[in-house]
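Reading the structure
If you want the building blocks of each chain, they are given just below.
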There are 2 protein chains.
Amino acid sequence: MAAAAEILCIGTELLLGNITNGNARWIAEQLASLGIPHQRQLVLGDNRERLIAEFRAAPERCRVLITTGGLGPTPDDLTTEALAAAFDTPLVENQQVWADIQAKLSARGRSCSPSNRRQALIPQGAQVLPNPTGTAPGVIWTPRPDFTVLTFPGVPSEMRAMWLATAAPWLREAGLASGVFASRMLQFWGVSESALAEQMADLLQQSNPTVAPYAGAGEVKLRITARAKTSEGAEQLLQPVEAEIRSRTGVCCFGCDGDSLASVVLEQLRQRGETLAVAESCTGGGLGAALAAVPGASDVFLGGVIAYANSVKQGLLGVPSALLEVHGAVSDPVAQAMAEGVRRATGADWALAITGVAGPGGGSAEKPVGLVHLAVAGPAGCSSEGVRFSPSRGRDWIQTLSAGEALNRLRLQLA
Amino acid sequence: MAAAAEILCIGTELLLGNITNGNARWIAEQLASLGIPHQRQLVLGDNRERLIAEFRAAPERCRVLITTGGLGPTPDDLTTEALAAAFDTPLVENQQVWADIQAKLSARGRSCSPSNRRQALIPQGAQVLPNPTGTAPGVIWTPRPDFTVLTFPGVPSEMRAMWLATAAPWLREAGLASGVFASRMLQFWGVSESALAEQMADLLQQSNPTVAPYAGAGEVKLRITARAKTSEGAEQLLQPVEAEIRSRTGVCCFGCDGDSLASVVLEQLRQRGETLAVAESCTGGGLGAALAAVPGASDVFLGGVIAYANSVKQGLLGVPSALLEVHGAVSDPVAQAMAEGVRRATGADWALAITGVAGPGGGSAEKPVGLVHLAVAGPAGCSSEGVRFSPSRGRDWIQTLSAGEALNRLRLQLA
């Protein structure tokens, strides 16, 4: 029997190692959560003959082929053309797609070129897989009985939006899954993936619900997936496992599914009717950006000061120069003065401050790369602590972990 | 003719989307730098029959097959066993490998289990590919004329060490490279991928050097890749094409390879001995974070103010409340007052300000989601402009494009 699904990622940039194939992983996760097994992921370059050969061979192996890439306007975007050729089907211009492309380009103040018009061609008989955000739509096409291909652009944000809006509902209806699935992604901060896996060793062995760990940038996740005949049945299987995990992990579990540390902290403060400001040195705005990434942050997040230079720490936050001279910028007294300073300057109820050595330069024996001091100031006072992140993962990693750690400290104080 | 190389990554965790396939990207980059073309990357799960089928088919398609994963001691580690079975060859215990495994486990204070002894089995006639850091060695094996397989563990650090120590020298000697490659990635802002591709239509058709376009978040890229007998020869082929592209695109081309808009602007200012501050509303710190992402930013970037709330615009930046009332926060007068205010407050030579509607809420007919006002203040005065980004790509995208657009405006003023 043919397998349910396969993933084919198309792009010479993948073969050249220019980019990591994050799309394959994301789609694999989605398929797993839909309960649709897949056995094979393939990467091919922008080569017409090899694509045609692969498309022709696919129906023997799988019922659904999911492709990414090769839908753009340039001559090396060959997916749609090769697909039509593989199944001896003409390409026809879809008027609605062409009108949509023109409208999108004109909204961006750009003129339409002949190459954009190519993007409106789809194989005769194919259904359009709408792209709400970009110009290139995909198709859902069944060129052979029991074989459907779904095409997506390679741009991850467009692919994901199209998947969630159209492909996932289609796949759910397609009867490829062996049952109905319910899943929940629990999110953790302050515990390593391996420690969490050991704590959950018995649950990781279970087959229904399954529990699988994922590591992110600082946060760790556990996905619980339950299968049953009905979604109520799946949810009933899921709940006791979720409760068990939450009870074993306590405050380490900060949320689930679409939550982020920033969204959780904003919601905690919203419930209290309180506001937040930030003072950032080594993160340079990354903590503020994490808060501003959450839609509707403005009723809680007031803003703050990026105090990258010491002169800004003094001028805008009122950090005394004596503190900087005696303790250095990366110290508890300066972190506390920054937090108190920004709380005073903005009138916020709460303030977070970060000062550290993100590297790769600027470290010393006493204050090595990865040393970060974090302060939380609130109505009842101010506290701070020095944390050492491993320098081995680089500047970005230290900046991301610092912002997350600061948010987590406030979360625990507000809990 | 068979292609030079293929990559086969083995592991059910890849199919489940538990981990990203970073090994494929790393090996692809290594192959490209060795000048060895490859046309195909495949991922399969830990399944004996599918692995055997793939190993049997490989010699028809490629001269070298590189595998990762499936070399560990557990029952689902099947690579070596499937490989021997595919070519009807017995597995034999390699005494030196077994001694090495015992020594390594004993050095870690662990005892040897029968499953560890499985790792000492290799196909008869295969050469060991030593693993300096882990217990699982790989093999270099030529089971058919003109077909060699190299196996690596899935652990990235072990795979990389084995590649660099043994596989890369072997591949260099194997005569698979079709010359030496040189490549350059040129980066653009303010031009769409399709417009750039049309402007370069003739160059995109060339075969040596090749020119290929890539789209990022706002920035667009062109990769030039030249092949020659020597690296000097490749560089000589590359240079005139790079010069031609730069002359056609003018100021749209902001840099190459590892450059970012932020790194280019920081370097422009560094050359002038001048400093920069930011005032951010709707980006909430994202512009500052982009600048702070560049190592060594601190000699130019002083910091600034995240003026998310109007009260912070007034309090820390001195934006007059009358301006906010008459023009609204998203307007040229307020953007300019923010830029001038942060320039004054920090003493920076230059300042960038961003105020806009990132959405999804907060838009109106007059000031829709995606409208952003950007200001640049410098020694000679202040200017600003309203820009409309498409709301269809969402909040993150509007924030990222706003930060890039602000940096690009300063870049053009400094050019």
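Residues numbered from 1 in each chain as written. Chains lettered and ligands numbered in written order. Predicted model: local features only at pLDDT ≥ 70, side-chain atom pairs only at ≥ 80, totals over all residues. Heavy atoms only, no water.

Points about the domain arrangement of chain A
Where interface size is given, it is often the accessible area lost as the parts come together that is meant. Each assigned domain of chain A is listed with its residue range as follows: domain 1 (3–173), domain 2 (180–256) and domain 3 (261–414). Measuring from the centre of the C-alpha atoms in domain 1 of chain A to the corresponding centre in domain 3 of chain A gives 43 Å. (Domains from an automatic or database assignment.)

Some points on the interface of chain B and chain A
Listed per partner, the contact involves 71 residues of chain B and 72 residues of chain A. For the chain B and chain A pair, buried surface summed over both sides reaches about 5,500 Å², with 56% attributable to carbon and sulfur atoms. Applying the counting criterion to the chain B and chain A interface returns two salt bridges. One salt bridge connects Arg40(A) with Glu54(B), and the closest N-O pair in it is separated by 3.6 Å. In this structure, the connection of chain B to chain A is made through 28 residue pairs in polar contact (both at pLDDT 80 or more). No other element matches strand S2 (residues 38–44) of chain B, which puts seven residues into the side of chain B that touches chain A. Of the residues contributing to the side of chain B that touches chain A, the split by class is 35 nonpolar, 24 polar and twelve charged. Here four bridges tie strand S14 (residues 301–307) of chain A to strand S14 (residues 301–306) of chain B, and the two strands are oriented antiparallel to one another. By the bridge assignment, Ala307(A) is partnered in S14(B) with Gly303(B). (Contact = heavy atoms within 4.5 Å. Buried area = accessible area lost by both parts, 1.4 Å probe. Salt bridge = Lys/Arg side-chain N within 4 Å of Asp/Glu carboxyl O. Polar contact = N/O pair within 3.5 Å; in protein donor to acceptor, adjacent residues only side chain to side chain. Helix = DSSP H or I, 4+ residues; strand = E, 2+ residues; numbered from the N terminus. Nonpolar A, V, L, I, M, F, W, Y, C, P; charged D, E, K, R; others polar. Pairing = 2+ DSSP bridges.)

A closer look at the packing of aromatic side chains
Under the definition given, this model contains ten aromatic pairs over all chains. Ring centres 5.2 Å apart and planes at 40° place the aromatic pair Phe301(A) and Tyr308(B) in the tilted group. Residue Phe301(A) is found in strand S14, and its partner Tyr308(B) is found in the loop between S14 and helix H13 (310–317); the two belong to separate chains. Of the two residues, Phe301(A) and Tyr308(B), neither departs from the other in class, the shared state being buried. Through successive ring pairs, a cluster of aromatic residues spans Trp26(A), Phe152(A) and Trp163(A). (Phe/Tyr/Trp six-rings, centres within 6.5 Å; stacked < 30°, edge-to-face > 60°. Buried < 20%, exposed > 50% of the residue type's maximum accessible area, 1.4 Å probe, protein only.)

Some points on the pairing of strand S7 (residues 138–144) of chain A
Residue and element names in this part refer to chain A. Among the seven residues that make up S7, five are buried, leaving the element largely enclosed by the rest of the structure. Of the strand pairs in this sheet, strand S6 (residues 127–129) and S7 are connected by three bridges, and their pairing is antiparallel. Opposite Val128, over in S7, you have Val139 as the bridge partner. In this sheet, strand S8 (residues 147–152) lies alongside S7 in antiparallel orientation, the contact comprising three bridges. Bridge pairing in S8 links Trp141 to Val149. With antiparallel pairing between neighbouring strands as the criterion, S7 and S8 make up a hairpin whose turn holds two residues, including Asp146 at a positive phi of roughly 60°.

As for the packing of helix H2 (residues 22–34) of chain A against helix H7 (residues 156–173) of chain A
A pair of packed helices can be characterised by two numbers: the angle between their axes and the separation between those axes. Residues and elements named next belong to chain A. For the pair H2 and H7, the least separation of the axes is 12 Å and the interaxial angle reads 25°. Taken together, the axis directions place H2 and H7 in an arrangement best described as roughly parallel. Between H2 and H7 lies a crossing whose hand is right-handed. Mapping the contact onto sequence places Asn23, Trp26, Ile27, Gln30, Leu31 and Leu34 in H2 and Pro156, Met159, Arg160, Trp163, Leu164, Ala168, Leu171 and Arg172 in H7. Residues that form the contact of H2 with H7 fall into these classes: ten nonpolar, two polar and two charged. (Axes fitted to C-alpha atoms, helices over the stretch in contact; angles between N-to-C directions. Parallel < 35°, antiparallel > 145°, perpendicular 65-115°, else oblique. Left-handed = near helix turned anticlockwise from the far one by under 90°.)

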